[in-house]
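Coordinate analysis (summary)
The lines below spell out each chain.
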Amino acid sequence: MPLESDTKISNSFLISACDFTWQCIILNEVTKDAFFEDLGVYSIFNVMEDAPFIVQVLFLSICSDLCVEPKSLPQIVTWRGKERNNSFYKIICDLWRKQEKIKGVLRDEYGSIEEIEYALMGEIQRSETKSENLDISSSPAIVDLIGCARPKIALAIHLITRRHFEKVELAASVYNVPFEDAITPEDQVKTGRDAHIISIKRKKESTRISFYDEDIKDETSSGSISLK
């Protein structure tokens, strides 16, 4: 049982509660239905709304799994935060912006990608990618995904707007909550432009591998490397 001294802003308590809910309830076929019937998705979002960023990133893992489950869609569509316009979609878009700011992603004054060659790269990834001494066994693109909010957000957006779009529209119609109207034009542009982060990362990784392949071929042909 939680102690009276445990508060909503205690990171350790929130992380433990998140992990327990995820592993023992949401991923458990016996308890999952009861979780949805008791409006558990609302509770997850209510806690997530006020949690520190580092905890919100962890909660995004739960949200990604929730978005897979069609039974969660009515609550995802209808949830509103303390402010009426604070929907789940708005929260994850705001988290995307926070993550970019923390990582140092370059954008111009209009929010567009500043350097297309280093699209969505943070400061550390840009530096390592440009480095001439980059270890061939290291992948800045993959390392950048560790503990990052953006892949989870991209997955949630894909599930809501692609895989379950018809169900989302149906839920929005039944509950008279126009889901698309809850998405600001700014967020619509951002998600349409940035939600392909995984494919972009894969492309960068493929490019990096090709780059090293060419280097190895050049050094082999020059005799500096022997493949025997």
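The structure reproduced in this document is the subject of the present report.

What counts and what doesn't
Residues numbered from 1 in each chain as written. Predicted model: local features only at pLDDT ≥ 70, side-chain atom pairs only at ≥ 80, totals over all residues. Heavy atoms only, no water. Core = buried A, V, L, I, M, F, W, Y, C linked by side-chain atoms within 4.5 Å. Buried < 20%, exposed > 50% of the residue type's maximum accessible area, 1.4 Å probe, protein only. Helix = DSSP H or I, 4+ residues; strand = E, 2+ residues; numbered from the N terminus. Contact = heavy atoms within 4.5 Å. Polar contact = N/O pair within 3.5 Å; in protein donor to acceptor, adjacent residues only side chain to side chain. Axes fitted to C-alpha atoms, helices over the stretch in contact; angles between N-to-C directions. Parallel < 35°, antiparallel > 145°, perpendicular 65-115°, else oblique. Left-handed = near helix turned anticlockwise from the far one by under 90°. Phe/Tyr/Trp six-rings, centres within 6.5 Å; stacked < 30°, edge-to-face > 60°. Lys NZ or Arg CZ within 6 Å of the ring centre and 35° of its normal. Salt bridge = Lys/Arg side-chain N within 4 Å of Asp/Glu carboxyl O. Patch = residues over 30% accessible without salt bridge, like charges linked within 9 Å, V, L, I, M, F, W, Y side chains within 5 Å. Areas by Shrake-Rupley, 256 points an atom, 1.4 Å probe, with all protein chains shown as cover.

Section: the nonpolar core
Among the nonpolar cores identified, the biggest contains 40 residues, and I44, F45, L66, I76, F88 and I153 are the most heavily contacted of them. When residues of this core are traced back to their parent elements, those giving at least two are α1 (11–26), α2 (29–37), α3 (40–50), α4 (53–68), α5 (73–78), α6 (88–103), α9 (150–163) and α10 (165–174). Those residues in contact with L66 that lie beyond four places of it in its chain are I26, F35, F36, V41, I44, S72 and I76.

A closer look at the side chain of R107
Here R107 is to be found in the loop between α6 and α7 (123–130). Reaching out from R107, the side chain makes a polar contact with the side chain of E100 at a distance of 2.5 Å.

Quick word on the packing of α3 against α4
Helix-helix packing: each pair is described by the crossing angle between the helix axes and the interaxial distance. As a packed pair, α3 and α4 sit with axes 10 Å apart at the nearest point and diverge in direction by 155 degrees. Looking at the two axes, α3 sits roughly antiparallel to α4. In this structure, α3 meets α4 at a crossing whose hand is left-handed. Taken together, the residues of α4 that come into contact with α3 (itself represented by V41, I44, F45, V47, M48 and E49) are Q56, F59, L60, I62, C63 and L66.

Comments concerning the packing of aromatic side chains
In total, this model carries 3 aromatic pairs according to the counting rule given. With a centroid separation of 5.7 Å and an interplanar angle of 65 degrees, the aromatic rings of F35 and F36 are classed as edge-to-face. The class for F36 is buried, based on a relative accessible area of 6%. Between F45 and F88, the ring centres sit 4.6 Å apart and the planes meet at 10 degrees, which makes this aromatic pair stacked. Here the residue F45 occupies a position in helix α3, and F88 occupies one in helix α6, the gap between them amounting to 43 residues. Look at F88 and you get buried, because its relative accessible area is 1%. Of the aromatic side chains, those joined through ring pairs into one cluster are F45, W79 and F88. Its end group placed over the ring of W96, R150 keeps NZ or CZ at 6.0 Å from the ring centre.

With respect to the pattern of salt bridges
Per the stated rule, a full pass over the model turns up 8 salt bridges. With a closest N to O distance of 3.4 Å, E69 and K32 form a salt bridge. Here E69 is found in the loop between α4 and α5, whereas its partner K32 is found in helix α2, with 37 residues between them in sequence. The exposure classification of E69 matches that of K32, with both residues buried. With its nearest N and O atoms 2.9 Å apart, the salt bridge here joins R97 to D94. Linking R97 with D94, this pair stays in helix α6, spanning 3 residues, or about one helical turn. R97 sits in the partly exposed class, given a relative accessible area of 23%. Note on D94: relative accessible area 24%, which makes it partly exposed.

Points about a nonpolar patch on the surface
A cluster of nonpolar side chains, L170, V174 and Y175, forms an exposed patch at the surface whose accessible area comes to about 340 Å². Turning to its location among the elements, L170 is positioned in helix α10.

A short note on unusual backbone geometry
Residue L39 is not a glycine yet carries a positive backbone phi of 60 degrees. Counting through the fold element by element, L39 comes out in the loop between α2 and α3.

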